[in-house]
Amino acid sequence: MNLKELSAHLGLSQTTVSRALNGYPEVSEETRKRVMQAADQFNYRPNTRAKALATGRAMAIGHVIPVSTQHEMMNPIFGDFMCGAGEVYSQSGYDMVMSLVADEDQSRAYHEMAAKRNVDGIVLHAPEMQDRRITLLQEIGMPFAVHGRATDIATPYCWLDVNNKSAFQRATDFLLDLGHRRIALVNGQENMDFAFRRRRGYETALVARGITPDPALMFAGEMTEVYGYNSVRRTQALDEPPTAYLVSSIIAAFGVRRAVEEAGLVMGRDVSVITHDDDLSYLRNGAEVPVFTATRSSVREAGRRLAKLLIAQIENPGAAPLTELLEAELTVGRSTGPAPNRT
């Protein structure tokens, strides 16, 4: 069904139907709902090219993906985020444009997108604490939204983030309440903003209980299964090994679990593990009872919500940047228990 046929079915002008589909405020809420219901019923999708001509926009969102060294983003978490964002793009009539470039070519890619006008906005992934890409996009004047935050950037910009500090402070407190005092942090790369905030949450919880953070128990690296495995192997060889691990990714947590089991220990009895699992759609944390106690946050939902923030910014130029801070949920699984008595 095309726009003319949909309009005839509803007994409305094509202009009214088009404005209802695009959320113009002069269309009543009753009319908008009626149009949207009919569009769903007849599987109507607006012609992207016609919409672009009518609005003067490209009707596309850009993603610049560095592929040479920034491995933190090229993982299942990134895939889930893109699925969530893609759902909203499709519903709103936007296409997705992905540009895979070497790290050093990111600036050129952003400038080319702005010059070609082939996208209306850009999603910036995996921000560092001092992220020059944010300043660059502000200078270019291209609408953008950041998945995460950059601690050292003071000027306002559009972002959506999980409260990483609060999540890891709460997780550390949970382990401390179970009697654990030697808690290892298996963190992500700490030039990345999320990992910096998670470490702050971990350290804040320890200091509040009078425990000095031990550098020998704090790790930062690319969140692979092998990294988790090696972190446990190193710490279990210490004279006073940790009784608990706080892990920044369920992928690394699988490596932690493998090393724990190889050492002849039982997870949840001899060693406790809490992970941030991102609630991945195809890497589930168990079934009814989670394998890992986890700070959970749906990265697919984050993709949906960030896409909505960016589209709102594109369609309301000049409005103040939108931000949203999500809270992670702590779910208790089989991987945690009281600290063992090792005296």
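Structure's up top.
Residues numbered from 1 in each chain as written. Predicted model: local features only at pLDDT ≥ 70, side-chain atom pairs only at ≥ 80, totals over all residues. Heavy atoms only, no water.

Draft legend 1. Just helix α3 (residues 29–41), in detail. Taking 1.5 Å of rise per residue, 13 residues should cover 18 Å, and α3 covers 18 Å from first to last C-alpha, within 8% of that figure. Within the sequence span of α3, burial applies to Val 35, Ala 38 and Ala 39. For α3, the arc enclosing every buried residue in end-on projection is 100°, short of the 170-degree limit, so these residues lie on one face. Among the exposed residues of α3, those oriented more than 90 degrees off its buried face are Glu 30, Gln 37, Asp 40 and Gln 41. Close packing links the buried residues of α3 with α1 (3–10) and α2 (14–21). Where α3 ends, the next residue or the one after it, Asn 43, has phi of about 55°, a positive value. (Helix = DSSP H or I, 4+ residues; strand = E, 2+ residues; numbered from the N terminus. Expected span 1.5 Å × (residues − 1). Buried < 20%, exposed > 50% of the residue type's maximum accessible area, 1.4 Å probe, protein only. Arc of directions from axis to C-beta. Contact = heavy atoms within 4.5 Å.)

Draft legend 2. Layout of the nonpolar core. Ranked by size, the top nonpolar core spans 63 residues in total, and within it Tyr 89, Tyr 202, Tyr 245 and Val 247 carry the most contacts. Among the elements that make up this core, the one with the highest residue count is helix α12 (residues 299–315) (eight residues). Sequence-distant contacts of Tyr 202, that is, excluding residues within four places in its chain, are made with Phe 168, Gln 169, Thr 172, Ile 183, Ala 184, Leu 185, Leu 217, Met 218 and Leu 246. In terms of nonpolar packing, the next biggest core, distinct from the first, is built from 19 residues, Ala 60, Val 101, Ile 122 and Leu 137 among them. (Core = buried A, V, L, I, M, F, W, Y, C linked by side-chain atoms within 4.5 Å.)

Draft legend 3. Up close: the environment of Thr 323. Within the fold, Thr 323 resides in strand β11 (residues 323–326). Once residues within four sequence positions are removed from consideration, Thr 323 is found in contact with Tyr 157, Trp 159 and Leu 309.

Draft legend 4. Here's a closer look at the sheet that holds strand β10 (residues 293–296). Spatial strand order, β7-β6-β8-β9-β10-β12: six strands in an open sheet with mixed pairing. Two strands lie at the open edges of the sheet, namely β7 (218–220) and β12 (329–331), each paired on one side alone. Neighbouring strand axes in the sheet, compared pairwise and without regard to direction, differ in orientation by 15° on average. As judged from the four bridges shared by strand β6 (residues 183–187) and strand β8 (residues 244–247), these two strands associate in the parallel manner. Bridge assignment links Val 186 to a residue of β8, and that residue is Val 247. The sheet contacts of helix α9 (residues 193–208) involve β6, β7, β8 and β9 (272–276), and relative to β6 the element is tilted by about 170°. Across the sheet, helix α10 (residues 225–236) is in contact with β6, β7 and β8; its angle to β7 comes to roughly 155°. (Pairing = 2+ DSSP bridges. Axes fitted to C-alpha atoms, helices over the stretch in contact; angles between N-to-C directions.)

Draft legend 5. Structural detail: the packing of aromatic side chains. One pass over the full model with this rule turns up one aromatic pair. On the numbers, 6.0 Å between centres and 55° between planes, the contact of Phe 254 with Phe 292 is tilted. Taken as a pair, Phe 254 in helix α11 (residues 250–262) and Phe 292 in the loop between β9 and β10 lie far apart in primary sequence, 38 residues in all. A residue is classified by how much of its surface remains accessible, and Phe 292, at 1% relative accessible area, is buried. Lying over the aromatic face of Trp 159, Arg 149 brings its terminal NZ or CZ to 4.8 Å of the ring centre. Here Arg 258 stacks its cationic end above the ring of Tyr 229, 3.8 Å away from the centre of that ring. (Phe/Tyr/Trp six-rings, centres within 6.5 Å; stacked < 30°, edge-to-face > 60°. Lys NZ or Arg CZ within 6 Å of the ring centre and 35° of its normal.)

Draft legend 6. The arrangement of the packing of helix α5 (residues 76–92) against α12 in detail. Following both chains from N to C, one finds α5 and α12 inclined at 40°, their axes separated by 7 Å at the closest point. Comparing the axis directions of α5 and α12 gives the class oblique. The handedness of the crossing between α5 and α12 comes out as right-handed. Residue-level contacts link Ile 77, Asp 80, Phe 81, Cys 83, Gly 84, Ala 85, Glu 87, Val 88, Tyr 89 and Ser 92 of α5 to Val 299, Arg 300, Ala 302, Gly 303, Arg 304, Leu 306, Ala 307, Lys 308 and Ile 311 of α12. Taken together, the residues of the contact of α5 with α12 break down into 11 nonpolar, three polar and five charged. (Parallel < 35°, antiparallel > 145°, perpendicular 65-115°, else oblique. Left-handed = near helix turned anticlockwise from the far one by under 90°. Nonpolar A, V, L, I, M, F, W, Y, C, P; charged D, E, K, R; others polar.)

Draft legend 7. Examining the pairing of β6 more closely. When you tally the buried positions in β6, you get five out of five residues, the bulk of the element. Of the two faces of β6, the one carrying Ile 183, Leu 185 and Asn 187 and the one carrying Ala 184 and Val 186 are both buried. Where β6 and β7 come together, three bridges link them in parallel fashion. Directly across from Val 186, in β7, lies its bridge partner Phe 219. This β-α-β element, β6 to α9 to β7, shows right-handed connectivity. (Right-handed = clockwise from strand over helix to strand, strands pointing away.)

Draft legend 8. Here's a closer look at the packing of helix α8 (residues 164–177) against α9. Look at α8 against α9: their axes get within 7 Å of each other, and the N-to-C directions meet at 35°. Handedness of the α8/α9 crossing: right-handed. Along the contact surface, α8 presents Asn 164, Lys 165, Phe 168, Gln 169, Thr 172, Asp 173 and Leu 176, while α9 presents Phe 194, Arg 197, Arg 198, Arg 200, Gly 201, Tyr 202, Thr 204, Ala 205 and Leu 206. Considering only residue class, the contact of α8 with α9 consists of six nonpolar, five polar and five charged.

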